[in-house]
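# Coordinate analysis (summary)
What follows is the residue order along each chain.
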Amino acid sequence: YSAVNASFLLSFVSTLAIILFALPITDSVLLKIKERHRLKKLEPVVRSVAVSIFISIFVNIATLPFQISYFGGVSVVGILTNLLLIPVATPMILCSGLYVMFYFVPLASNLLHFAAEISVGYCKAVVNLLGSFRFSYALIDEKYVTVAATFTILISLLTMLFIKKKHISDYF
C-alpha cells in the first residue's frame, strides 16, 4: 500500500534524483568551471548555490510524471520557490530543533522560537505570493504522463553522458 503512496513515491524519486543526477552533475559543472577559468578552488557559496539549483531542477524533472499522475498538473514556479526557500530551511530546522532542546530555558527558548517563527513566516509569504499568480500551476491531462516519463528518461540519459564520475560510491 505505501509503495504506491504519492508521498512515498515523490520522496523516493526525489532522493534518487538528488543522488544519481543532481550531485554528480553539480560536481561536473563546477569542475568544468574551475578548469575553464583556471581556478584553484571555488567559493563555498558558489557550490551551495549550484547544488541548490541542480537539486531543484532535477527533482522537478524526476517527479514530473508523478506530479501529473497524482495531482493532474505541475507547479510552474516550483524551482523558483525552492531556490527562495532553501537558504531559510536549514536555519529554520536548526532553530526549531534547538527550541525543543532548550524548551525549559526561558530566554533561549523564546529567542529560538522567535527565529523559527520568522523563518516560517517568510516561507509562508513566499509560497503564498508565488502560488497566487495565475501561471503558478499548470493543469496537464493525465494522458501526457507517458510524454513526461519519456522526457524524464531522456534528460536522465543525457545527464549520465555528461557526468564524469564512474561510480556512485564516489559521492559517499
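What comes next concerns the included structure. In this text the structure is predicted, and so the values were computed from the model without any measurement.

### Considerations on the overall build of the protein
When its secondary structure is counted, the protein shows 5 helices and 2 strands. The linear arrangement of helices and strands in the protein, starting from the amino end, is α-α-β-α-α-β-α. Considering only C-alpha atoms, the protein reaches an extent of 55 × 50 × 35 Å along its principal axes. Across the 172 residues of the protein, 31% fall into the buried class. Summarising the internal contacts of the protein: among those between residues at least 6 apart in sequence, 75% fall at separations of at least 24. Of the charged side chains in the protein, 13 are positive and 7 negative, and the gap between their average positions amounts to 10 Å.

### Some thoughts on the state of the cysteines
Taken as a whole and judged by the stated rule, the model has 0 disulfides. Counting only cysteine sulfurs, Cys-123 is the nearest neighbor of Cys-95, a cysteine outside any disulfide, at a range of 12 Å. Using a relative accessible area of 15% as the deciding quantity, one classes Cys-95 as buried. With relative accessibility at 13%, the residue Cys-123 sits in the buried group.

### Some details on helix H2 (residues 44–71)
Residue Thr-63 marks the point of greatest curvature in H2, where the axis turns by about 50°; the proline Pro-65 follows within four residues. Just past H2, the residue Gly-72 takes up positive phi, approximately 75°.

### Re the side chain of Ser-109
Take Ser-109: it is sitting in helix H4 (residues 106–131). Leave out the neighbours within four places in its chain, and Ser-109 touches Tyr-99, Phe-102 and Tyr-103.

### Things to note about helix H3 (residues 78–101)
If you check H3, its first and last C-alpha atoms are 33 Å apart, about what 24 residues at 1.5 Å a residue would give, namely 34 Å. The largest bend in H3 is about 40°, located at Leu-85, with the proline Pro-87 one to four residues further on. On its buried face, H3 is in contact with H2, strand E1 (73–75) and H4.

### Observations regarding the nonpolar core
Counting 7 residues, the largest nonpolar core is built from Val-77, Leu-85, Val-88, Met-92, Cys-123, Val-126 and Leu-130. Secondary-structure elements contributing two or more residues to this core are H3 and H4. Once you skip the residues sitting within four places of it in the chain, Leu-85 turns out to touch Tyr-122, Cys-123, Val-126 and Val-127. Among the nonpolar cores identified, the runner-up in size contains 6 residues, and Ala-22, Ile-25, Phe-54 and Ile-163 belong to it.

### Quick look at the pattern of salt bridges
Scanning the entire structure with this criterion turns up 1 salt bridge. In this structure, Arg-47 engages Asp-27 in a salt bridge whose closest nitrogen and oxygen atoms are separated by 3.0 Å. With a gap of 20 residues between them, Arg-47 in helix H2 and Asp-27 in helix H1 (residues 6–36) connect regions that are remote in the sequence. On the basis of relative accessibility, which here comes to 35%, the residue Arg-47 falls in the partly exposed class.

### Structural notes on the packing of aromatic side chains
Each aromatic ring pair is specified by the distance between its two centres and by the angle formed by the two planes. This structure, assessed with the given rule, holds 7 aromatic pairs. Geometrically, the ring pair formed by Phe-8 and Phe-12 is stacked, given 6.0 Å between the ring centres and 20° between the ring planes. Of the two residues, Phe-8 and Phe-12 are both situated in helix H1; the distance of 4 residues between them amounts to about one turn of the helix. Overall, Phe-8 belongs to the partly exposed group, its relative accessible area being 40%. By relative accessible area, which is 45% here, Phe-12 ends up partly exposed. Taking the centre distance of 6.4 Å and the plane angle of 35° together, the rings of Phe-54 and Phe-58 count as tilted. Here Phe-54 and its partner Phe-58 are both found in helix H2, 4 residues apart, which amounts to about one turn of the helix. Accessibility expressed as a relative area gives 19% for Phe-54, which makes it buried. For Phe-58, a relative accessible area of 9% corresponds to the buried category. These aromatic residues form a ring-pair network of at least three members: Phe-21, Phe-54 and Phe-58.

Reading guide: rules and limits
Residues numbered from 1 in each chain as written. Predicted model: local features only at pLDDT ≥ 70, side-chain atom pairs only at ≥ 80, totals over all residues. Heavy atoms only, no water. Helix = DSSP H or I, 4+ residues; strand = E, 2+ residues; numbered from the N terminus. Buried < 20%, exposed > 50% of the residue type's maximum accessible area, 1.4 Å probe, protein only. Contact = heavy atoms within 4.5 Å. Lys, Arg positive; Asp, Glu negative; His and termini not counted. Charge placed at Lys NZ, Arg CZ, Asp CG, Glu CD. Disulfide = S-S within 2.5 Å. Bend = angle between axes of the 7 residues up to and from the residue. Expected span 1.5 Å × (residues − 1). Core = buried A, V, L, I, M, F, W, Y, C linked by side-chain atoms within 4.5 Å. Salt bridge = Lys/Arg side-chain N within 4 Å of Asp/Glu carboxyl O. Phe/Tyr/Trp six-rings, centres within 6.5 Å; stacked < 30°, edge-to-face > 60°.

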